Amino acid sequence: MKKILAVLAAVALAGSVSAAEKKAEKAEKAEVKKPGFATSLNAGLTMTDGNSETLAANASLATEGEKEGLGSVIAGIEGNYGESTVESTSTDADGNVATTEADEKTIENAKAHANAKKTLSPMTFAYLDGSLLYDGVALIDYRATLGPGLGFYLVKNDKRSLSLEAGPSYVWEKVDGETDDYLALRFAERYSCQATKTAKLVQSLEYVPEAEDFDNYLLTGEIGVEASINDHLSLRVVVQDKYDNTPAEGKERNDLSLIAGLGLSL
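Residues numbered from 1 in each chain as written. Predicted model: local features only at pLDDT ≥ 70, side-chain atom pairs only at ≥ 80, totals over all residues. Heavy atoms only, no water.

This next bit is on the pattern of salt bridges. This structure, assessed with the given rule, holds nine salt bridges. The closest approach of N and O atoms between glutamate 165 and arginine 186, which form a salt bridge, is 2.8 Å. Taken together, the residues glutamate 165 in strand 7 (residues 160-175) and arginine 186 in strand 8 (residues 178-193) connect sequence positions 21 residues apart. Each member of the pair glutamate 165 and arginine 186 is classed as buried. Note that arginine 186 and glutamate 206 form a salt bridge whose closest N and O atoms lie 2.7 Å from each other. Of this pair, arginine 186 sits in strand 8 while glutamate 206 sits in strand 9 (residues 199-210), placing them 20 residues apart in sequence. (Salt bridge = Lys/Arg side-chain N within 4 Å of Asp/Glu carboxyl O. Helix = DSSP H or I, 4+ residues; strand = E, 2+ residues; numbered from the N terminus. Buried < 20%, exposed > 50% of the residue type's maximum accessible area, 1.4 Å probe, protein only.)

Considering only enclosed or pocket space, the second largest pocket measures out at about 600 Å³ in volume. Among the elements of the structure, strand 4 (97-121), strand 5 (124-135), strand 6 (140-156), strand 7, strand 9, strand 10 (213-228), strand 11 (233-244) and strand 12 (254-265) are those that each provide at least two residues to the lining of the second largest pocket. Element by element, the count of residues in the lining of the second largest pocket is highest for strand 4, at five residues. (1 Å grid on protein atoms, 1.4 Å probe; cavity = no way out; pocket = protein on both sides within 12 Å on 5 of 7 lines; lining within 4 Å. Points joined across faces, edges and corners; volume = space filled by probe spheres on them.)

Attention now moves to the side chain of asparagine 115. Positionally, asparagine 115 belongs in strand 4. A relative accessible area of 8% means that asparagine 115 is categorised as buried. A polar contact is formed between the side chain of asparagine 115 and the side chain of lysine 117, at a distance of 3.0 Å. If we skip the residues at most four places from it in the chain, asparagine 115 touches Ser72, Val73, Ile74, Tyr127, Leu128, Asp129, Glu165 and Arg186. (Polar contact = N/O pair within 3.5 Å; in protein donor to acceptor, adjacent residues only side chain to side chain. Contact = heavy atoms within 4.5 Å.)

Turning next to the pairing of strand 1 (residues 37-48). In this sheet, strand 2 (residues 54-67) lies alongside strand 1 in antiparallel orientation, the contact comprising 12 bridges. Across the sheet, residue glycine 44 finds its bridge partner in strand 2, namely asparagine 58. Here strand 1 runs beside strand 12; their pairing, made up of four bridges, is antiparallel. Opposite alanine 43, over in strand 12, you have leucine 262 as the bridge partner. (Pairing = 2+ DSSP bridges.)

Here is the structure:
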């Protein structure tokens, strides 16, 4: 009887070990498996009331994916809006003081962008990059850029990637009521790092000077951190800096934005 019980116990133990191994293999495969494309919807809202009244809102939709040996795509649209309530006082001939309020736009812009890479070798690629920008506060009715180029990865693994890109780009724009178009050069850098299982860092820098006048250039930088709350929600903080060396008359060259909000994986 004892021998029978021992045999049954051994069989049960072997079965449980086998089941545990299969479960571990499935978990490992699930962890390694990566989605082909990931799409996320991000939104943020900031409001103040009292001594000052302000409103700032941001929304963006982004998709990113890569197929090994074929290439990758990064595309998205983004919009930002902000306003503040400004109070002014006036005194009439009788000495009566009147207070009026007016809403002033502080941010009003939208951008669509896309970057498609075609793999040439494990560390090199050809790309096509394009963008379309509107900025009401900076008096940019539109600014469109499109151009091909070549790039390579300095680092590329499951956790980190660092790439450089260079190529020609053509710019069409209407700024402060005046239209212009010109050939430009484009130099770009992008870095991403999966710092932990739930936190990711992304940084990019783009320099676009006019081919015949390097004093006319655009410089755009961005750095952001995204931390997952669960499988679908995440917290996102992004700093964007846009520098236009030849802005519309009376406008600042530099625009800096700090965006914080929630992200939803679709």
